[in-house]
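# Fold and contact review
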Amino acid sequence: MPLPPAQSVLMEMPQPCTANDPTVEALKAGSEHAFRCLFEQERERLRRFVIKLVEDADEAENIVQETFAEAYRQIEDFRGEAAVSTWLFSIAKHLSYGHLRTSDRHNYLEHETIEFLQVNQDETTGGTRAEVERSERKEIVHDALQELPDHYRRVVQLRDLQEKSTAEAAEQLDLTEVNVRVRLHRARKSLREHLCERMEC
């Protein structure tokens with residue numbers, strides 16, 4: 001069987017991604033090349049992000065695939081107010097929380113608590129019922145943080161607010177990494193219980 005002409009082979013090869021790929025215009029136009037470039041650029045970062053949330057490599061891979069599928073379906077609604085990567089990560093976080101909500105209520109509450117800690121308490125919210133409820137939860141979590149013993153509050157501030165690594169927090173607090181993990185677990189548990197008590201979950 002004769003080999004295909006070199007020109008045909010070149011035409012079948014995927015076009016390499018460049019530093020300018022993908023553009024929002026190309027994504028909105030449904031360009032397969034643009035979405036492939038987006039996938040290649042963000043897949044690994046997205047996978048690591050999701051694994052931290054769901055703590056399951058196989059499920060994380062499923063969520064990453066679903067994230068890109070959802071992005072493809074929703075691209076026409078993307079308004080460009082944030083970077084495409086930021087929008088993509090927000091989709092992944094939403095899907096991850098949906099998984100946690102149905103599979104592990106306690107893990108979901110812990111991650112939701114951390115998210116509220118990372119949001120500016122003075123951030124303005126809309127007037128819908130859901131937005132009001134989220135605002136109330138944020139206030140409860142921030143109040144609970146102030147009520148934690150100092151040694152717990154400090155580890156939460158370093159790990160969840162300043163996003164320091166366990167090693168960095170251990171160095172600053174003059175603790176072992178094991179002790180940092182233990183304190184962080186107990187502090188988050190206390191915050192989660194406070195949230196549950198106030199919100200009747």
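Please refer to the structure placed before this passage.
All of these numbers come straight from a predicted model, not from anything done at the bench.

Rules and cut-offs
- Residues numbered from 1 in each chain as written.
- Predicted model: local features only at pLDDT ≥ 70, side-chain atom pairs only at ≥ 80, totals over all residues.
- Heavy atoms only, no water.
- Helix = DSSP H or I, 4+ residues; strand = E, 2+ residues; numbered from the N terminus.
- Buried < 20%, exposed > 50% of the residue type's maximum accessible area, 1.4 Å probe, protein only.
- Polar contact = N/O pair within 3.5 Å; in protein donor to acceptor, adjacent residues only side chain to side chain.
- Contact = heavy atoms within 4.5 Å.
- Expected span 1.5 Å × (residues − 1).
- Bend = angle between axes of the 7 residues up to and from the residue.
- Axes fitted to C-alpha atoms, helices over the stretch in contact; angles between N-to-C directions.
- Parallel < 35°, antiparallel > 145°, perpendicular 65-115°, else oblique.
- Left-handed = near helix turned anticlockwise from the far one by under 90°.
- Patch = residues over 30% accessible without salt bridge, like charges linked within 9 Å, V, L, I, M, F, W, Y side chains within 5 Å.
- Areas by Shrake-Rupley, 256 points an atom, 1.4 Å probe, with all protein chains shown as cover.
- Salt bridge = Lys/Arg side-chain N within 4 Å of Asp/Glu carboxyl O.
- Lys, Arg positive; Asp, Glu negative; His and termini not counted.
- Charge placed at Lys NZ, Arg CZ, Asp CG, Glu CD.
- Nonpolar A, V, L, I, M, F, W, Y, C, P; charged D, E, K, R; others polar.
- Phe/Tyr/Trp six-rings, centres within 6.5 Å; stacked < 30°, edge-to-face > 60°.

## Examining the side chain of histidine 33
- Here histidine 33 shows up in helix α3 (residues 32–54).
- Relative accessible area serves as the criterion here: at 19%, histidine 33 is assigned to the buried category.
- In terms of polar contacts, histidine 33 uses its side chain to reach the side chain of arginine 36, at 3.1 Å.

## Description of the side chain of glutamate 42
- Positionally, glutamate 42 belongs in helix α3.
- Given the relative accessible area of 9%, glutamate 42 is considered buried.
- Setting aside its immediate chain neighbours within four residues, glutamate 42 contacts Phe68, Ser85, Leu88 and Phe89.

## Observations regarding α3
- With 23 residues, α3 ought to run about 33 Å at 1.5 Å a step, yet its terminal C-alpha atoms sit only 29 Å apart, falling short of that.
- Largest kink in α3: about 50°, centred on glutamate 42.
- Considered for burial, the residues of α3 that qualify are His33, Ala34, Phe35, Cys37, Leu38, Glu42, Leu46, Val50, Leu53 and Val54.
- Positive phi shows up at glutamate 55, right after α3, with a value of about 55°.

## Quick look at the packing of helix α8 (residues 150–161) against helix α9 (residues 166–173)
- At their nearest, the axes of α8 and α9 sit 9 Å apart, and the two run at 140° to each other. Considering their axes alone, α8 and α9 lie oblique with respect to each other. When you trace α8 past α9, the crossing you get is right-handed. Counted together, Arg154, Val155, Leu158 and Arg159 of α8 and Thr166, Ala169, Gln172 and Leu173 of α9 form the full contact between these two elements.

## Details of unusual backbone geometry
- Residue aspartate 174 is not a glycine yet carries a positive backbone phi of 60°.
- Judged by its relative accessible area of 71%, aspartate 174 falls in the exposed class.

## Section: a negative patch on the surface
- On the surface, Glu136, Glu139, Asp143 and Glu147 cluster together to form a negatively charged patch.
- The partly exposed category is assigned to glutamate 139, whose relative accessible area is 44%.

## Comments concerning the packing of α3 against helix α4 (residues 57–74)
- As a packed pair, α3 and α4 sit with axes 9 Å apart at the nearest point and diverge in direction by 135°. Overall, the two elements α3 and α4 adopt an arrangement that is oblique. Here α3 runs over α4; the crossing is right-handed. Mapping the contact onto sequence places Phe35, Leu38, Phe39, Glu42, Arg43, Leu46, Arg47, Val50, Ile51 and Val54 in α3 and Ala57, Ala60, Glu61, Ile63, Val64, Gln65, Thr67, Phe68, Ala71 and Tyr72 in α4.
- For the contact of α3 with α4, the class distribution of residues is 14 nonpolar, two polar and four charged.

## Brief notes about the packing of aromatic side chains
- Within the structure shown, the criterion is met by four aromatic pairs.
- Seen in terms of ring centroids, phenylalanine 39 and phenylalanine 68 are 4.9 Å apart; in terms of plane orientation they differ by 65°. Their pairing is edge-to-face. Taken together, the positions of phenylalanine 39 in helix α3 and phenylalanine 68 in helix α4 put the pair 29 residues apart, joining distant regions of the chain.
- We classify phenylalanine 39 as partly exposed; its relative accessible area is 26%.

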